[in-house]
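The lines below spell out each chain.
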Amino acid sequence: MQNVKKIVLAYSGGLDTSAIIPWLKENYDCEVVAFAADVGQGDEELEGLHEKAIASGASECHIVDLKEEFVREYIYPTIKTGAVYEGEYLLGTSMARPVIAKAQVEVALKVGADALCHGCTGKGNDQVRFESTFAALAPQLTVIAPWREWDMVSREDLLAYLAERNIKTTASATKIYSRDANAWHISHEGGELEDPWQEPTKQIWTMTVDPEDAPDAPERVTLSFNEGELTHVDGEALSPYQALVKLNTVAAAHGVGRIDIVENRLVGMKSRGCYETPGGTVMLKAYKALETMVLDKAALKYREQIGLEFSHVMYDGRWFTALNDALLAGAESFAKKVTGDIVVKLYKGQATVTQRRSPNSLYSEDFATFGADDVYDQKHAEGFIRLFSLSSRISALKNQG
């Protein structure tokens, strides 16, 4: 074991991190400081966390409120890129990791720690996301990942370990699902979902109403953006976090934002997960609808390329990199035009954009109309088409010869 004196642990209060605290003290003979991030996972997840950490052997427990920073500094910039991983995943867990790991580093530097620790397994993406942030912000600190060191392999092992030390836990030997919640979404893995042929049962979903049970009447919500920033919902000025909370409540009631996917993890394996992202689904739909009003064809195509690349940058834990900065800067330049209002209709699991307006709109009814107009001479299209297809014409003539 490396010689460290004080370790800051990313602590959730769950079974894994409850066992990690005494394990670190025993194996590293060190002081352990618990760090917990409030990223909007819910008050019930944070209740009694400080007392639980101290009872497990931590010398201190720092609970840091990151909700507004998470939405303002990570979610909003990601929305501007249009990033959606593998066409469906809205990157909820991925976006939360850099803000959590950054705050963990800040606590470590504040308390004079010489090491950082996380409870991520060696199979997942999160170990990469945490440690890439650590490397970028505090390369001088030692990183400890117990799941890559200890010989415990099951929940039963962890429960027995805590019982031997008389450390109380509310965890049980049976944990059907692995869930991760924050202000943007909740993810569900494990249990029946490990069989991709198994349709998710109703007990999987915890955040949204089943679309089949959603109200029979649609509901409309208006989102107002200023230079890419969501500023108002239904005319009410709200902070980034407040806007997301309101949209979550409204959209979840209509069953909006459910997906069931098999995704490619960074480490090489595939995993199946169900995600609920009600407010985020509405927000991203509205943003992209407004983009179509204000960006021309070439600009929108390039923004889409940024979104595709950024989805992998975010998923792979490369937030604190030069590539990340460049992609965000590109998206921000396009976002300057994204000002206006979007109306989204919520109904039986669907979020449908029905109305759009923007002072920067490039849409012109005078040009687009199927009726008579005085601004477009259709004869001009012939010359355009001849030049646009000139290379094909030359190639065909050559082949004929």
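Everything below is about the structure shown above.
Rules behind the numbers
Residues numbered from 1 in each chain as written. Predicted model: local features only at pLDDT ≥ 70, side-chain atom pairs only at ≥ 80, totals over all residues. Heavy atoms only, no water. Helix = DSSP H or I, 4+ residues; strand = E, 2+ residues; numbered from the N terminus. Buried < 20%, exposed > 50% of the residue type's maximum accessible area, 1.4 Å probe, protein only. Polar contact = N/O pair within 3.5 Å; in protein donor to acceptor, adjacent residues only side chain to side chain. Contact = heavy atoms within 4.5 Å. Expected span 1.5 Å × (residues − 1). Bend = angle between axes of the 7 residues up to and from the residue. Axes fitted to C-alpha atoms, helices over the stretch in contact; angles between N-to-C directions. Parallel < 35°, antiparallel > 145°, perpendicular 65-115°, else oblique. Nonpolar A, V, L, I, M, F, W, Y, C, P; charged D, E, K, R; others polar. Patch = residues over 30% accessible without salt bridge, like charges linked within 9 Å, V, L, I, M, F, W, Y side chains within 5 Å. Areas by Shrake-Rupley, 256 points an atom, 1.4 Å probe, with all protein chains shown as cover. Salt bridge = Lys/Arg side-chain N within 4 Å of Asp/Glu carboxyl O. Lys, Arg positive; Asp, Glu negative; His and termini not counted. Charge placed at Lys NZ, Arg CZ, Asp CG, Glu CD. Pairing = 2+ DSSP bridges. Disulfide = S-S within 2.5 Å.

> What is the right way to read the side chain of Asp38 from this model?
Mapped onto the elements, Asp38 comes out in strand S2 (residues 31-38). Asp38 sits in the buried class, given a relative accessible area of 10%. At 3.0 Å, the side chain of Asp38 forms a polar contact with the side chain of Lys67. Aside from chain neighbours lying at most four places away, what touches Asp38 is Leu46, Val64, Asp65, Leu66 and Lys67.

> Is there a simple way to explain helix H4 (residues 67-81) in this structure?
One turn of the α-helix equals 3.6 residues, which is why residues spaced by three or four share an orientation. Here H4 is 15 residues long and its end C-alpha atoms lie 21 Å apart, about the 21 Å a rise of 1.5 Å per residue gives. Along its length, H4 shows its largest kink, about 30°, at Ile75, and proline Pro77 lies within four residues downstream of that point. Counting buried residues along H4, eleven of its 15 residues qualify, which places the element largely inside the surrounding structure. The first or second residue beyond H4 is Gly82, which carries a positive phi of 75°.

> Please explain the packing of H4 against helix H11 (residues 322-335) as it appears in this structure.
In helix packing, the relevant descriptors are the interaxial angle and the interaxial distance, both defined with respect to the helix axes. Interhelical geometry of H4 versus H11 gives an angle of 75° and a closest axis separation of 8 Å. When the interaxial angle is binned, H4 and H11 end up roughly perpendicular. Residues Pro77, Lys80 and Thr81 of H4 lie in contact with H11, whose contacting residues are Leu328, Ala331, Glu332 and Ala335. Residue classes in the contact of H4 with H11 are distributed as four nonpolar, one polar and two charged.

> Just to check I follow, could you spell out a negative patch on the surface for this structure?
A contiguous patch of negative charge, built from Asp43, Glu44, Glu45 and Glu47, is present on the exposed surface. If you trace the backbone, Glu47 turns up in the loop between helix H2 (43-46) and helix H3 (49-55). Its relative accessible area of 64% is what places Glu47 among the exposed residues.

> Could you clarify how one ought to interpret the environment of Ile63 in this entry?
Mapped onto the elements of the fold, Ile63 is located in strand S3 (residues 60-65). Measuring from C-alpha to C-alpha, the distance between Ile63 and Val338 comes to 36 Å, with 275 residues separating the pair along the chain. Residues within four places of Ile63 in sequence aside, it is in contact with Ala36, Leu46, Leu49 and His50.

> Got a minute to help me understand the pairing of strand S14 (residues 350-357) in this structure?
Strand residues, when the strand is regular, have side chains that alternate between the two faces of the sheet. Pairing of strand S13 (residues 340-347) with S14 involves seven bridges; the strand directions are antiparallel. Each residue of the ladder has a partner; that of Leu346, found in S14, is Ala351. Hairpin connection between S13 and S14: a loop of two residues separates the two successive antiparallel strands, and Lys348 in this loop has a positive phi of roughly 50°.

> Help me understand the state of the cysteines, please; the structure alone is not making it clear to me.
By definition, a disulfide is the covalent link that joins the sulfur atoms of two cysteine residues. Counted by the stated rule, this structure contains zero disulfides. Cysteine Cys117 is unpaired, with the sulfur of Cys30 as its nearest cysteine sulfur at 8.9 Å. On the basis of relative accessible area, Cys117 is assigned to the buried category, the value being 0%.

> Please clarify how the side chain of Ser358 should be interpreted in this entry.
Looking at the secondary structure, you find Ser358 in the loop between S14 and helix H12 (365-368). Of note is the side chain of Ser358, whose polar atom sits 2.5 Å from the backbone oxygen of Thr339. A polar side-chain atom of Ser358 sits 3.0 Å from the main-chain amide nitrogen of Asn360. Not counting the four nearest positions on each side in its chain, Ser358 is found in contact with Leu290, Val294, Lys337, Thr339 and Gly340.

> Sorry if this is basic, but what is going on with the sheet that holds strand S8 (residues 219-226) here?
With antiparallel pairing, the five strands of this open sheet are ordered in space as S10-S9-S8-S13-S14. Only two strands of the sheet have a single neighbouring strand rather than two, namely strand S10 (236-237) and S14. With two bridges joining them, strand S9 (residues 229-233) and S10 adopt antiparallel strand pairing. When the bridges of S10 are listed, Val233 appears paired with Glu236.

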